Amino acid sequence: MNRIVVGAHYGLRDWLAQRVTGVIMAVYSVILVVVLLSGQPINYAVWRALFAQGWMRVATLLFAASLAWHAWVGVRDILMDYVKPTGLRLSLQVLVLLVIAGYLGWTIQILWR
Amino acid sequence: MANATATKRRPKYLSLQAILFEIRLPLAGWISILHRVSGVLLFVSGIWLLFLLDRSLSSAAGFASIQHYLSFSLVKLSLLVLVWAYCHHLCAGIRFVLLDLHKGVDKASARRSSIVVLIVSLALTAYFGAKLW
């Protein structure tokens with residue numbers, strides 16, 4: 001194997017993905033706050049109608065997908081920094097991936113009920 | 001080559017006592033570690049936030065139950081902490097992206113942007129907190 005595991009470009013994709021997904025979530029957050037604050041006071045009908053719209057469902061799904069990738073890179077970085085025993089770190093990383101997949105699945109279930 | 005870093009033992013001066021009482025972080029360091037702490041907080045709280053979203057969208061009765069649930073001070077306070085975590089994570093994140101783009105890297109502007117992040121995220125938290133109460 002000629003693969004170089006150290007060097008300046010290893011991990012560039014995750015680094016970039018974390019920033020791009022961060023920007024996507026920032027845009028979504030601003031849109032959501034504007035929509036919530038500019039509309040009528042929130043009651044069940046308003047709340048329900050907001051998430052019944054197709055664009056809102058897709059935007060929220062994009063947000064959730066961005067969040068999943070963003071959180072994975074971030075939590076993995078933290079585990080690499082603080083958890084040194086390989087077995088424990090691997091177990092925690094698997095656990096984190098399962099949690100993220102669970103979050104994503106639940107979000108889709110909530111959006112398309 | 002790949003093993004060189006693994007076998008070389010370097011002295012460590014970090015201890016819990018050093019982390020807690022001896023190392024004094026500059027403001028930018030606080031922004032950074034709070035970015036990390038707020039990220040973990042948001043990740044762990046995802047299950048609770050999804051529960052709130054799930055119930056509130058499930059039915060009129062579910063929405064009402066969440067409204068009642070959110071009237072408890074402890075629940076509001078928990079949500080406010082998460083609102084702060086979100087605002088801080090967002091503001092600090094924007095700062096880090098700008099730093100990545102080599103904007104505001106010199107000491108004076110980096111310090112200034114740290115102060116801005118701290119103040120703006122607290123102001124946003126106060127604003128949303130006022131809406132919550």
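Residues numbered from 1 in each chain as written. Chains lettered and ligands numbered in written order. Predicted model: local features only at pLDDT ≥ 70, side-chain atom pairs only at ≥ 80, totals over all residues. Heavy atoms only, no water.

A. Local environment of the confidence of the model for chain B. Residues and elements named next belong to chain B. Summing up the model confidence of chain B, the mean pLDDT is 91 and the portion of residues at 70 or higher is 95%. Mean pLDDT per element in chain B: helix 1 (residues 4-7) is the minimum at 58, and helix 5 (residues 73-100) is the maximum at 97. Our summary of model confidence lists the complex with pTM equal to 0.88 and ipTM equal to 0.89. (pLDDT = per-residue confidence, 0-100. Helix = DSSP H or I, 4+ residues; strand = E, 2+ residues; numbered from the N terminus.)

B. Here's a closer look at the state of the cysteines. All names here are of chain B. Taken as a whole and judged by the stated rule, the model has 0 disulfides over all chains. The structure places no disulfide on cysteine 87, whose sulfur is separated from the nearest cysteine sulfur, that of cysteine 91, by 6.4 Å. The exposure class of cysteine 87 is buried, given its relative accessible area of 6%. Given a relative accessible area of 13%, cysteine 91 falls into the buried group. (Disulfide = S-S within 2.5 Å. Buried < 20%, exposed > 50% of the residue type's maximum accessible area, 1.4 Å probe, protein only.)

C. Spotlight on the packing of helix 3 (residues 27-58) of chain B against helix 4 (residues 60-69) of chain B. Residue and element names in this part refer to chain B. At a closest axis distance of 5 Å, the pairing of helix 3 and helix 4 adopts a crossing angle of 135°. With respect to helix 4, the axis of helix 3 lies oblique. Side by side, helix 3 and helix 4 meet where Trp48, Phe51, Leu52, Arg55, Ser56 and Ser58 of the first sit next to Gly62, Phe63, Ser65, Ile66 and Tyr69 of the second. Looking at the contact of helix 3 with helix 4 residue by residue, the classes come out as 6 nonpolar, 4 polar and 1 charged. (Axes fitted to C-alpha atoms, helices over the stretch in contact; angles between N-to-C directions. Parallel < 35°, antiparallel > 145°, perpendicular 65-115°, else oblique. Contact = heavy atoms within 4.5 Å. Nonpolar A, V, L, I, M, F, W, Y, C, P; charged D, E, K, R; others polar.)

D. Broad picture of the environment of Ala60(B). Tracing the backbone through its elements, the reader meets Ala60(B) in helix 4. Once the C-alpha coordinates of Ala60(B) and Leu49(B) are considered, the two residues, 11 residues apart in sequence, prove to be 18 Å apart.

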